[in-house]
Every structure is written in C-alpha cells, then in structure tokens.
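# Observations on the model geometry
Each chain, letter by letter, is given below.
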Amino acid sequence: MQDPPPSEFQFLPSVDKLLQAPQLSVVVGSFGRESVRAEIRTILDKLRKKILSGDETAGRQIREPGFFDNLCSQIQHCVADRFNSSLVSVFNLTGTVVHTNLGRASLPETAITAMVRAAQGPVNLEFDLETGKRGDRDTHLEQVICEITGAEAATVVNNNAAAVVLSLTSLAVNRNVLISRGELVEIGGSFRIPEVMGSAGSILKEVGTTNRTHLKDYENAIDSDTALIMKVHTSNYEIRGFTKSVEVDELAGLAGKHQLPLVVDLGSGTLIDLQQFGLPHEPTVQAALESGADLVTFSGDKLFGGPQAGIIVGKRELIDRLKRNPLKRALRVDKVTMAALLEVLFLYRSPKELPSRLPILRDLTRSVENIGETAEQLLPVLEQQLAGCATVSIEPCQSQIGSGALPLELLESTAVVIDPVASKGATDVVLHRIALAFRKLPKPVVGRIRDGRLIFDLRCLHDLPEFTRQLSELEL
Ligand SMILES: *Cc1c(COP(=O)(O)O)cnc(C)c1O
C-alpha cells in the first residue's frame, strides 16, 4: 500500500488551471502553450518533492493566500529565462583589448553590414556567375589576401588552431616536424603545440633547448623522416637573458637546402607595421613571407581585427595540398564569416585610415588623454551611484593587448577605481557584491579585481551615455 499524498498537495493548482491563468496569458502568447506547460510541470514536481521531503517552508508557502500569484510569477520568470539567450553583449573594461573570453575583436560597421546581407539570403559562395557552374569558395578571399600580403596563394579555415592542424595533417602525417624547444607553447584553452601536433598525426621532434636553439640544432635533426620545419611565434611569453633563436630567414635557407617546407605559426599576426601608430613591433605576415616562409598561419580575430578565422598564406603548391585534404571541408568557414573577412581586408588597402576604421586599432591607438576625458565624465556619475557603498577615483593604469599578442608591452591608460567602504574584514564581501551588481546589469560590465579594488580600464568604453543610462538599475 502507498502512503496517501500529503495534505498540502490539495493546495497545488492543476496544470490546466495555471495555463488558463490570466497572469500567464502573455508568456503563453509569446512562448507557446507547450513550453509553458512543460515549465509548469517541472515547477510543480519540484514543489511536490520538497513537500514529500518534509520541507516546512514549502509547506507553509503553499497555504499562504498569495501563493497562486507567486507561483505564476515564478513560472513567468522561468519561461522567460529559458528563452532568453545566455549570450549577451558586455562592456569590456578589463583592460585586455583582445579578450578571448569576451569574444576578441569587435568588427567594423562595413563588416557587420556585409554579414547581415550574407545571412539574409543566398550568395554566390561557390557559384561562378560567369560560367553558371560550381565555383570555389576560396576565390573570393584568396585574391584580396594575396593582393595585400603578396602571397602566391591563400586559404581560410575556422581559426588559427585549425590552420595549424590542417597544415600538419596535409604535409606531415606520421612524419617528423622539427620545432625549437623554446617554441613549444601553450596558447590557453588547451591549445598546446605538442598536443596539437599529436592530434594532427605528426611526430614532434624537439630541437635545441628552452632558451637557446641554433641553426645547427635543426640541421643535425634533419633526416629522411623529416617532413617540415615549424616555427611558432611565442606570442604569450618571452624568454629573456641568455637566449638564442633562429630567425625565419635562416630557417628558410636551411629548409630550402633540404627541400623541406617551412611553416610559420604567427599566432596573432598583423598585416601592417604597428609602430607607425606608436604601438610596439609585432612581426608581420609579409615579413615572414619575404624571409622565406613557405606557409604562414594567423588568426582572423586577434590583431587583424576580423571575425574568428584562421588565415593561411604561402606557396601555391602547398596551399593546393591543404585544399585537397578532406579535413579542409570540416574546417571551412561559412558565408557570413567570409563576408566579414572580405570587408576587413578591404580596409587594409588604406593602412593609414585603419585607426579610424578598424575597432581593434581604434582601441589600441586611443590616447590616454582621450580615455582620461571619459574618466572625468564618468567619475561623478559613479560616485553618486555608489555613495555610501564605495569611493571612486581616477587612476592611471596599463592596458594589455591580449590574446598573446605583444605580451610584455603595455599601453598607458586610465581607470576608474572603486574602493568598497566597509568595516575591516567585510571589504571583500562588499567588493564582490559590487562587482556582481555590475555584471548583472542589462549590459553586464566586466572589470578587473585587484588588491581589494574593482578597476574599470576605460580604454574600450566608447559609448558613455549607453554605459551611464543603465547605472540606475545597479542593485547593490
Ligand atoms: C592564438 C594562437 C593560436 C590559436 O589561434 P586561434 O585563432 O585562437 O585558434 C595558435 N598559435 C599561436 C602562436 C597563437 O598565438
């Protein structure tokens, strides 16, 4: 015999009664009867379980007069939560400009317009309008990439990790790839060169030592099993002191002598001399090609400033081998990414204009005076909003470029710094409550916590009115 149901169950409304409740008519209208019914079932089930487990609060709530209304509003929130995208726009005030966790480069307007257009309907992605026959999706990008980089040929895949994997599986399956011990990097998010090589089916042959690798180390390692020489730009760290690495031109000479391809993973890679804008030097794709690299791979969404993609440039014969690899099909980019890449590439035809047209360069070249003006305007607003909770001040700070690009070079910037006001011992709690309140705003604000203070680096804050408008919703 089963126990009779607890007496509280009689206070639970039926699923149908809830579905017909006027309080829920709007959610039923927007999200459909079936999804609301499913949510109601889940919520009622949870309540029954709580009661069965002897949860007294639940038992009491059920008997209260406002119970039905509360239940309706709970259902409303749950349904809305489930249907609202969890992917939202945020303010990046972390001080890291190319922030991988926040989606890296922001795109220029022309690219966004092109993406929308490509998304809206059919495009001649793999269709030759001249002949009316099937075309090659790479042709659209290849011409422009080659025009700008001077490369013989080019192709594009999902990201730079994919570019490295495709290069290795096309040119070095079950064969040796020579790489300096000083370049066995981990990029973060589990991209580690030794593991990438393993997954691509290549055999890693380490050359030299962590701090010093000479040309003769490569030369001594070459044998009949060697498929290629690889050079990885050590983008997120720098070995200093007693160091020696072999530059692309020397490696190219050696690779050429032994008829081996030289593949360079530039990581971020850039197509222009960043020093002309007062930024630190970062190796360019063109320089790697001119120095004799046979293939160069780089990211679309790091310093290049475009959508997520991996761009591969170099010798026609090698690019053709990559394109014939069945894996290329699995790693290819879609029409929307392509549309954006093309527009960003067009901007590179007028390099001098880039800081005003390409968001990544606008952010990186923004003057500390200009950032300071934003800080001055923001200070009184934040002070008023946080009165009693925290003090706010303006301080110089340093931004990072991020994503491994130019890791040791910092850019002078300005921050507003939020110091929690609390009794000793409670400051951490208050600090985290303030930081959470900013992250819970309609457009969440992500800053950096350091030394018990919340720091907002304002380098990437451009729309101050948008930022201040929502501050009244801060729930401290
Ligand atoms: C960032 C980086 C990668 C990975 O590029 P994704 O575009 O993130 O896939 C690979 N190699 C180097 C040296 C990098 O800096």
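Everything that follows concerns the structure shown earlier in this document.
A few points on the structure. (Residues numbered from 1 in each chain as written. Predicted model: local features only at pLDDT ≥ 70, side-chain atom pairs only at ≥ 80, totals over all residues. Heavy atoms only, no water.)

Where helix α7 (residues 139–149) contacts helix α15 (residues 335–347), the two axes come as close as 10 Å, and the packing angle between them is 25°. In this view, α7 runs roughly parallel relative to α15, as classed from their interaxial angle. Classified by chirality, the crossing of α15 by α7 is left-handed. Contact residues: α7 offers His140, Leu141, Val144, Ile145 and Ile148, while α15 offers Met338, Leu341, Leu342, Leu345 and Phe346. (Axes fitted to C-alpha atoms, helices over the stretch in contact; angles between N-to-C directions. Helix = DSSP H or I, 4+ residues; strand = E, 2+ residues; numbered from the N terminus. Parallel < 35°, antiparallel > 145°, perpendicular 65-115°, else oblique. Left-handed = near helix turned anticlockwise from the far one by under 90°. Contact = heavy atoms within 4.5 Å.)

All right, on to helix α4 (residues 56–63) then. When α4 is considered as a whole, its buried residues turn out to be Ala58, Gly59 and Ile62. Take α4 and look down its axis: the buried residues cluster within an arc of 100°, on one side only. On its buried side, α4 packs onto α3 (33–52) and α5 (67–83). For α4, the capping residue at the N-terminal end is aspartate 55, with a side-chain oxygen 3.1 Å from the backbone nitrogen of threonine 57. (Buried < 20%, exposed > 50% of the residue type's maximum accessible area, 1.4 Å probe, protein only. Arc of directions from axis to C-beta. Polar contact = N/O pair within 3.5 Å; in protein donor to acceptor, adjacent residues only side chain to side chain.)

What follows deals with the nonpolar core. In this structure, Ile229, Val296, Phe304, Val313, Tyr348, Leu361 and Leu364 are the most contacted members of the largest nonpolar core, which totals 62 residues. It is α15 that contributes the most residues to this core, seven residues altogether. Lining this core are residues from two domains, each supplying at least three of them: domain 2 (91–99 + 362–473) and domain 3 (109–354). The next biggest cluster of nonpolar side chains, apart from the first, holds 29 residues, and it includes Ala163, Ala172, Ile179 and Ile193. (Core = buried A, V, L, I, M, F, W, Y, C linked by side-chain atoms within 4.5 Å. Domains from an automatic or database assignment.)

This paragraph deals with the packing of aromatic side chains. For any two aromatic rings, the description comes down to two numbers: the centre-to-centre distance and the angle of the planes. If you walk through the whole model with that rule in mind, you get five aromatic pairs. Centroid distance phenylalanine 304 to tyrosine 348: 5.1 Å. Interplanar angle 5°. Geometry classified as stacked. Highlighted residues: phenylalanine 304 in the loop between β9 (295–299) and β10 (310–314) and tyrosine 348 in the loop between α15 and α16 (354–357), separated in sequence by 44 residues. Taking relative accessible area as the criterion, tyrosine 348 reaches 5% and is therefore assigned buried. Put simply, the rings of Phe298, Phe304 and Tyr348 pair up and form one aromatic cluster. Over the ring of phenylalanine 91 we find lysine 443; its NZ or CZ atom is 4.5 Å from the centre of that ring. (Phe/Tyr/Trp six-rings, centres within 6.5 Å; stacked < 30°, edge-to-face > 60°. Lys NZ or Arg CZ within 6 Å of the ring centre and 35° of its normal.)

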